[in-house]
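Close look at the chain arrangement
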Amino acid sequence: GLLDLGIAFAPSVLEETELGPILEERLVFVASRKHALADRPVLRMVELAGVPLVLLRREYSTRRLIEEYMAKVGVEPEVACETNSIDLMRGLAGTSSLATIMPESSVESLPSLCILPIVDPEPVRTSALLWSRHKFRSLAARTFAQIVRDRFASSKPMD
């Protein structure tokens, strides 16, 4: 009850929290251009069955979100490596037989990387403002929230 406002990925696990989405971003498949799936224009989620992946560790909400999307199509991720480093994920995906799933904003287009959209379903993560449902929203918190909304609205609009 000491914080006025938070920023996190939706959904919130806190029942007493109200979410205000600020940014959506796609999660994409990233692998070496030599990867067996690299020649496709898009990748269906179900096609990730049996594909060795390097993913964030389970305490990250993005990892849990990926697992939820895969479970929707009856696929369990084949996790070959867990890490807390986006740089390591990109590096392994570009130089080994492993692939990864990461936010599109975390991947720069490099000649060595294949970056594919994932469909059926398209995995999206949502950044959101978190407010207490029962606490007064101070002027400072509301002003900060508006600055955040304005900043993200100018960088990438939500679909």
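Residues numbered from 1 in each chain as written. Predicted model: local features only at pLDDT ≥ 70, side-chain atom pairs only at ≥ 80, totals over all residues. Heavy atoms only, no water.

**What about the pairing of strand S5 (residues 78-83)?**
Where strand S4 (residues 52-56) meets S5, five bridges bridge the pair, whose relative direction is parallel. The residue bridging Val54 from the neighbouring strand is Cys81, located in S5. This β-α-β element, S4 to helix H1 (residues 61-72) to S5, shows right-handed connectivity. (Pairing = 2+ DSSP bridges. Helix = DSSP H or I, 4+ residues; strand = E, 2+ residues; numbered from the N terminus. Right-handed = clockwise from strand over helix to strand, strands pointing away.)

**Quick word on the confidence of the model for the protein chain**
Mean pLDDT over the protein chain works out to 90, with 94% of the residues at or above the 70 mark. At the low end of the mean pLDDT range in the protein chain sits strand S1 (residues 6-10), at 87; at the high end sits S4, at 98. (pLDDT = per-residue confidence, 0-100.)

**Describing the environment of Val73**
Relative to the helices and strands, Val73 is located in the loop between H1 and S5. When the C-alpha positions of Val73 and Ser138 are compared, they lie 43 Å apart, and in sequence the two are 65 residues distant. The residues touching Val73, leaving out its near neighbours within four places in the chain, are Met45, Val46, Asp120 and Pro121. (Contact = heavy atoms within 4.5 Å.)

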